[in-house]
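Each chain, letter by letter, is given below.
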Amino acid sequence: MARTDAVVLGAGIVGISVALHLQARGRSVALLDRRGAAEETSFGNAGLIQREGVYPYGFPHDFGALLRYGLNRTIDAYYHPSALPELAPFLWKYWKHSRRRRHAQIARVYSRLIEHCVAEHDALAAQAGATGFLRRSGWMRVFRTERERDLRFAEAARWRAEFGINFLALDQKQLQDEEPHLAPVLVGALHWTDPVSVDDPQGLALAYLRLFESRGGRFVQGNAASLAQERNGWSLRTVEGPLEAATAVVALGPWADVVTRPLGYDLPLAVKRGYHMHYRAAGKATLNHPVLDTERGYMLAPMRRGIRLTTGAEFALRDAIRTPVQLGRAEPVARNLFPLAERLDTESWMGARPCTPDMMPIIGPAPRNAGLWFAFGHAHHGLTLGPVTGRLIGEMIAGETPFVDPAPYRADRF
Ligand SMILES: Cc1cc2nc3c(=O)[nH]c(=O)nc-3n(C[C@H](O)[C@H](O)[C@H](O)COP(=O)(O)OP(=O)(O)OC[C@H]3O[C@@H](n4cnc5c(N)ncnc54)[C@H](O)[C@@H]3O)c2cc1C
């Protein structure tokens, strides 16, 4: 029987980052996944390291938006009516946590995690020789109406005052100078200048994995559902045989319940699914920044593979059949905004953002099982917060003083 100090369950961006940080603290570490590394949610995201993301994405509270979403015809949100009975308790809590005062309270806490996101990626990327994946030109929200533009400019000014986040308010002409191939239907853009974007999110995660392996870490294939508590730690079955570890970290993203539920934890987890498709840019068209078409609700991000169109939130059960309705709705709108040529993927990609109702991840010790740790629920910000989470878990397990107060992220807050 092989034995390591720690086993990390799930090799997405969060699990890989946790594994690296445990290893840096002298632990022997095995990283386990049922597939290859970063082949699920961490494969297909929009690639933003969202330094500006101090307000995690809330549930809309204005009546007009609720009505639009209720009709289920928008691009930015879509739901499976058949899933609503099961999702209702989660949505109700999510709605309550998104009330203005509560949301502001959450932002004050959450901004403490977010503020380290770029620095922690920079540290890992430098060690991994992966800085070539990082683009330091920020990202843009573009606007079709002056009303939305001015609302967002005012909001950004408040975030600058409260959280020190930087942005440029671009008028129509300045936006055309920055992005000459966007159709002239836009009235301006909010250019967040602090965030970093990744032009191949899986490539970055695999570079971090190679760093882990080059330092003696082991990637093993196996099913996390085989996790069992032993007298002196945890055991698992892997394709290479049984594995034992003193410490186990659950970094299974949307599949965390595979481990937590059998151990008796009833955590309020749900998913917001999302899709992507790549396109060739037509002719000599270039897109210089990731761009969110704010009023329509989809994103175009320039990636190594092509222009990646990503969709907003689909409220559905994690394992329900794929319904890329939002992609179908977004594509013609995107084609009018930017000259997209043919699709580059044979079918759309789907991922599931792992969500909690208070919009904050679960990072910390399992309340009732010694030697078990949780690191999941990062929702829209898993790429952003992977390395921050890795460091926090590494420091807590090693008994160091955590660089961010971990109390708000404990599982027993629910
Ligand atoms: C369309 C879209 C756009 C997004 N854009 C952004 C963005 O711009 N910026 C950002 O910060 N975030 C973004 N996100 C969110 C981000 O991608 C996720 O929060 C993040 O990838 C979650 O990482 P993870 O490591 O927790 O989960 P995952 O990457 O899903 O990793 C979990 C791993 O667990 C493994 N696993 C599952 N079950 C088992 C099992 N039984 N046994 C063993 N292994 C198992 C899986 O194979 C997987 O490798 C986006 C998400 C979507 C869907």
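What comes next is a walk through the structure.

About the cut-offs
Residues numbered from 1 in each chain as written. Predicted model: local features only at pLDDT ≥ 70, side-chain atom pairs only at ≥ 80, totals over all residues. Heavy atoms only, no water. Helix = DSSP H or I, 4+ residues; strand = E, 2+ residues; numbered from the N terminus. Rg over C-alpha atoms; globule rule 2.2 N^0.38 Å. Buried < 20%, exposed > 50% of the residue type's maximum accessible area, 1.4 Å probe, protein only. Contact = heavy atoms within 4.5 Å. Areas by Shrake-Rupley, 256 points an atom, 1.4 Å probe, with all protein chains shown as cover. Pairing = 2+ DSSP bridges. Near = heavy atom within 4 Å. Polar contact = N/O pair within 3.5 Å; in protein donor to acceptor, adjacent residues only side chain to side chain. Nonpolar A, V, L, I, M, F, W, Y, C, P; charged D, E, K, R; others polar. Phe/Tyr/Trp six-rings, centres within 6.5 Å; stacked < 30°, edge-to-face > 60°. Lys NZ or Arg CZ within 6 Å of the ring centre and 35° of its normal. Axes fitted to C-alpha atoms, helices over the stretch in contact; angles between N-to-C directions. Parallel < 35°, antiparallel > 145°, perpendicular 65-115°, else oblique. Left-handed = near helix turned anticlockwise from the far one by under 90°. Salt bridge = Lys/Arg side-chain N within 4 Å of Asp/Glu carboxyl O.

Some remarks on the overall build of the protein
Part 1 of the argument: Within the protein, the secondary structure is distributed over 11 helices and 22 strands.
Part 2 of the argument: Rg of the C-alpha trace for the protein: 21 Å, near the compact-globule value of 22 Å for 414 residues, within the 12% margin.
Part 3 of the argument: Here the C-alpha coordinates of the protein stretch approximately 65 × 45 × 45 Å along the principal axes.
Part 4 of the argument: Counting every position in the protein, which comprises 414 residues, the buried fraction comes to 58%.
Part 5 of the argument: The contacts in the protein between residues at least 6 apart in sequence include a share of 77% that link residues at least 24 apart.
Part 6 of the argument: Put simply, the protein shows about 17100 Å² of open surface, and 52% of that area lies on carbon and sulfur atoms.

Focus on the sheet that holds strand S5 (residues 134-135)
Part 1 of the argument: Strand order in this open sheet of 3 strands is S3-S9-S5, and the pairing throughout is antiparallel. A single partner strand is all that each edge strand has here, and the edge strands are strand S3 (48-49) and S5.
Part 2 of the argument: Bridge count between S5 and strand S9 (residues 196-198): 2 bridges; the pairing is antiparallel. By the bridge assignment, Leu-134 is partnered in S9 with Val-198.

Examining the site of the ligand
Part 1 of the argument: Near the ligand lie 35 residues; those nearest to it are Asp-33, Thr-41, Ser-42, His-380 and Thr-384.
Part 2 of the argument: Side-chain polar atom of Ser-42 to an oxygen atom of the ligand: 2.5 Å apart, as the coordinates give it.
Part 3 of the argument: Across the complex, the protein chains shield 98% of the 1000 Å² of accessible surface that the ligand would expose by itself.
Part 4 of the argument: When residues of the shell around the ligand are traced back to their parent elements, those giving at least two are helix H1 (13-24), strand S2 (29-33), strand S20 (349-355) and helix H11 (382-397).
Part 5 of the argument: Counted by class, the shell around the ligand contains 15 nonpolar, 15 polar and 5 charged residues.

Points about the packing of aromatic side chains
Part 1 of the argument: Scanning the model with the defined rule gives 11 aromatic pairs in all.
Part 2 of the argument: On the basis of an interplanar angle of 15 degrees and a centroid distance of 5.7 Å, the ring pair of Trp-92 and Trp-95 is categorised as stacked. In this pair, Trp-92 and Trp-95 are both assigned in helix H3 (residues 84-97), 3 residues apart and thus about one turn of the helix distant.
Part 3 of the argument: Grouped by ring-pair contacts, the aromatic residues Tyr-55, Trp-159, Phe-163, Phe-167 and Trp-192 constitute a single cluster.
Part 4 of the argument: Just above the ring of Tyr-265 sits the side chain of Arg-368; from NZ or CZ to the centre is 4.2 Å.

Considerations on the packing of H1 against helix H8 (residues 201-214)
Part 1 of the argument: Interhelical geometry of H1 versus H8 gives an angle of 25 degrees and a closest axis separation of 10 Å. It follows that H1 is roughly parallel to H8 by the angle criterion. As H1 runs across H8, the sense of the crossing is left-handed. Packed against H1, whose contacting residues are Ile-13, Ile-16, Ala-19, Leu-20 and Gln-23, the element H8 presents Ala-205, Tyr-208, Leu-209, Leu-211 and Phe-212 at the interface.
Part 2 of the argument: By residue class, the composition of the contact of H1 with H8 is 9 nonpolar, 1 polar and no charged.

Focus on the pattern of salt bridges
Part 1 of the argument: Applying the stated criterion across every chain yields a total of 27 salt bridges.
Part 2 of the argument: Here Arg-304 and Asp-199 are joined by a salt bridge, their closest N and O atoms 2.9 Å apart. Of this pair, Arg-304 sits in the loop between strand S16 (298-302) and strand S17 (307-311) while Asp-199 sits in the loop between S9 and H8; the two residues are 105 residues apart in sequence, bridging distant segments of the chain.
Part 3 of the argument: Given a relative accessible area of 51%, Arg-304 falls into the exposed group.
Part 4 of the argument: The class of Asp-199 is buried, set by a relative accessible area of 15%.
Part 5 of the argument: A salt bridge links Arg-305 to Asp-345, with the shortest nitrogen-to-oxygen separation between them at 2.6 Å. A residue pair is termed long-range when its members are at least 10 positions apart, and Arg-305 in the loop between S16 and S17 and Asp-345 in the loop between strand S19 (340-343) and S20 qualify at 40 residues.

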